[in-house]
Structure formats: structure tokens, C-alpha cells
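Here's the letter readout for the chains.
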Amino acid sequence: MNSVSEPVTLSRRVGRFAPSPTGPLHLGSLVAAAGSYLDARTTGGQWLLRIEDVDRPRSVPGMVDTQLSALDAYGFEWAGEVLRQSERSAIYQATLDSLIAQGLAYPCHCTRSQIAGVPGARRGIDGVIYPGTCAAWAPGDPVPATAAWRFRVPGGIFRFRDRIRGHIAQNLVDEVGDFPLLRADGCFTYQLAVVVDDLAQGVTDIVRGADLVDSSPRQMALIQALGGAVPTYAHLPVVINAAGEKLSKQTRAEPIPVDGEAQRVPMLWQALAFLGQQPPAELRRSTQRELWAWALAHWQIARVPGGSGAPAA
Ligand code: GLU
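Conventions and cut-offs
Residues numbered from 1 in each chain as written. Predicted model: local features only at pLDDT ≥ 70, side-chain atom pairs only at ≥ 80, totals over all residues. Heavy atoms only, no water. Phe/Tyr/Trp six-rings, centres within 6.5 Å; stacked < 30°, edge-to-face > 60°. Helix = DSSP H or I, 4+ residues; strand = E, 2+ residues; numbered from the N terminus. Buried < 20%, exposed > 50% of the residue type's maximum accessible area, 1.4 Å probe, protein only. Pairing = 2+ DSSP bridges. Contact = heavy atoms within 4.5 Å. Axes fitted to C-alpha atoms, helices over the stretch in contact; angles between N-to-C directions. Near = heavy atom within 4 Å. Polar contact = N/O pair within 3.5 Å; in protein donor to acceptor, adjacent residues only side chain to side chain. Areas by Shrake-Rupley, 256 points an atom, 1.4 Å probe, with all protein chains shown as cover. Nonpolar A, V, L, I, M, F, W, Y, C, P; charged D, E, K, R; others polar. Salt bridge = Lys/Arg side-chain N within 4 Å of Asp/Glu carboxyl O.

**Let's talk about the packing of aromatic side chains**
As enumerated under the stated definition, the model contains eleven aromatic pairs in all. Each ring, one from phenylalanine 17 and one from tryptophan 47, has its centre 6.3 Å from the other, and the planes form 10°; the classification is stacked. Of the two residues, phenylalanine 17 is situated in strand S2 (residues 14-17) and tryptophan 47 in strand S3 (residues 46-51); the sequence distance between them amounts to 30 residues. In terms of burial, phenylalanine 17 and tryptophan 47 fall into one category: buried. Ring centres 5.1 Å apart and planes at 75° place the aromatic pair tyrosine 37 and phenylalanine 76 in the edge-to-face group. A residue pair is termed long-range when its members are at least 10 positions apart, and tyrosine 37 in helix H1 (residues 27-41) and phenylalanine 76 in the loop between helix H2 (63-73) and strand S4 (78-79) qualify at 39 residues. Each member of the pair tyrosine 37 and phenylalanine 76 is classed as buried. Every member of this aromatic cluster is reached through a ring pair, and the members are Phe17, Tyr37, Trp47, Phe76 and Trp292.

Pasting the structure below:
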């Protein structure tokens, strides 16, 4: 497997790509991979790879190798070992324990339908806002046998300046509510795992799809609770299909071609065009090496469109 042997150092900028192995990579994945890669590489930074298989029921066996081979075939070079979330339960548990000890997490035995059925339950940006039924719990109180654990979100407005989308602000109490860190089925959640891993890998610059922009304030709140440094954020436009849906396994997105440079180069060209980089038309028929050389020499994050999405051409 193609991996660069340089060690991870803390003084450089560090970016990452973090696919979930739920299906083969599609054009939207290639856009996120290329955007984060070019942003890291053109600033002398490192680009890391992480497999987000924390949600084991959704992970497809064999898909990790399929995704890594595709990235390798497209010429991506990553630094260090590939981190796999499925091997990191102990560190997620230790982090949860420290949040519990600080009084920042509490067990919750409410089911989805109980939460939705609470009179006056309000909808936030990510479903019904948890009404706080179990929030009175304090460390030392009994823990229900099957419980999820929720993060007690702090008050106030979380703000950041997204490098593509500008000023983003969110009030977690009013718009999200206390959110799960560990599900009742024993799976740690994306929000906890992504924060623990971005801190562990020393990620300084997050570049990913705009479908995750609403998650960033939650992640900032967790990072602050853990005493970490908040990274910069850049949320790329999301590729949508003709029906206006984000490309994903659920919307049956076409896998990117892996075999044959003549197939890969136009796909990579399309990803660069989608990112607003205006690659010259003749590079559609260039070698992959030439196309990467052009992309590395010409990358400008200021050219990436900040809109909410565009159909795949
Ligand atoms: N694993 C997420 C995905 O495949 C990406 C998470 C992130 O970049 O923060 O959509």
C-alpha cells in the first residue's frame, strides 16, 4: 500500500481524510479527498487517513481495502499509519469517563419514540432536541443497565470562520441539545470518535463536505471540554445527483473507476473542476501524474464555491 514514511510532527499543518467504509468511494468522496489533500500538501503539511468504522453495523466487510486501493490507485500519498476507529474503543471509553467525572456526560435511557413523544418537543437542526429527561443525573447516581450517554452541551454561541463558507454560528442548547457520545447498543458515536481522533492525530485543518458543517460546533464544544485546540474548518460543497440528493451509498452513488488511468484521470479532473479549480480541458487526457502536478501547482481554496451543492456534471 502506498504510504509515505515521514513521521508525523506537530509543528506542521495536518489535514486528513476520514471515509466511513459503508460503500465504495464515489465522486463526492473523491472531492473531499482531493480538497483535503491539496490543502495539506500545498502548505507543506501532512495528510493523514483515518477509517471511520466506529459504527460497526454500518461498516461493510472488505470495504476498507477497497477504499484504500482506490485512494492508492488515484495517487494519494498519506503519512503514517492508517487509524481505524474500530480498534480505538478503549480510548473513546477513557475520554467518556473523563467527561463523566467532570459532570459533562450523563446516562440516558429514553428511546427515540419517548423523546419524540414528549409534549412540546422541539425540532432542532438534527432531529428532536433532547428535552433533558435524564439530565438531573450526577456522578455517583445509579446507572441504568442499558443506557446511552449524552454530552451536556454548554450555553452560549459557538462561532468559527469557515475558510470557504465564512462566519458560522450556532447555539447548541437551542439548536441541537444534549447529544449522544455512546449509544445504548454500545457503539461510540461519530461526534465523540471524530474529536478524540482529530486530537490524537494532531489535525490542525479540517477540510470535508458541507454536510458536516452543522456538526462542527458540537465538535468544538467537545474539543474545549477536553482541553484541546480547535482546528480550522473548511467545508467543501457537496456533490448531488440529478434528484438533488447528496451522493452516498443510500442514494446508490456510482463508484469511481479504479482500473485504468484513462478512466481515473477524467474523474479526478471532474473533482478538480467541481472544486472550482478550472483545470485546462486538455488535462482530461493527461497522465495522472501530470494532472496532480497541475493541481498541486494551482490549488486555491479561494476558488472553491461556497454554495450548498451542485449536480455532478
Ligand atoms: N466519516 C465521515 C464521512 O465519511 C467524514 C467525517 C469527517 O470528515 O469529519 O462522511
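**Concerning helix H7 (residues 216-225)**
Of all ten residues that make up H7, nine are buried, and the element is covered over most of its length. Taken residue by residue, H7 has Ser216, Pro217, Arg218, Gln219, Met220, Ala221, Leu222, Ile223 and Ala225 as its buried positions.

**Side note on the sheet that holds strand S5 (residues 83-84)**
Taken in spatial order, the three strands make up an open sheet running S2-S3-S5, and their pairing is parallel. The sheet is open, and its two edges are formed by S2 and S5, each paired on a single side. Pairing analysis gives two bridges linking S3 to S5, with the strands arranged parallel. Looking at the pairing, isoleucine 51 lines up with arginine 84 of S5. Seen against the sheet, H2 touches S2, S3 and S5 and runs at an angle of roughly 160° to S3. Where helix H6 (residues 190-200) meets the sheet, its contacts fall on S2, S3 and S5, and the angle it forms with S3 comes to roughly 145°.

**With respect to the site of the ligand**
Arg16, Ala18, Pro19, Ser20, Glu52, Tyr190, Val194, Arg208 and Leu212 make up every residue found near the ligand. A distance of 2.6 Å is found between an oxygen atom of the ligand and a side-chain nitrogen or oxygen belonging to arginine 16. Within the side chain of arginine 208, a nitrogen or oxygen atom sits 2.8 Å from an oxygen atom of the ligand. Protein contacts shield 78% of the accessible area of the ligand, which totals 290 Å² for the unbound molecule. Here the shell around the ligand is built from residues that sort into five nonpolar, one polar and three charged.

**Description of the pattern of salt bridges**
Throughout the structure, instances matching the rule amount to 14 salt bridges. The shortest N-O distance in the salt bridge between aspartate 55 and arginine 183 comes to 3.3 Å. Note that aspartate 55 is positioned in the loop between S3 and H2 and arginine 183 in the loop between strand S12 (179-182) and H6, a separation of 128 residues in sequence. The exposure class assigned to arginine 183 is partly exposed, which follows from its relative accessible area of 28%. Notably, a salt bridge pairs aspartate 211 with lysine 246, separated by 3.5 Å at the nearest N-O pair. Linking aspartate 211 in the loop between strand S13 (205-209) and H7 with lysine 246 in the loop between strand S15 (239-240) and helix H8 (261-274), this pair joins segments that are 35 residues apart in sequence. You can call aspartate 211 partly exposed: its relative accessible area is 41%. Residues joined in a network through salt bridges with shared partners are Arg16, Arg50, Glu52, Arg88, Asp197 and Asp198.

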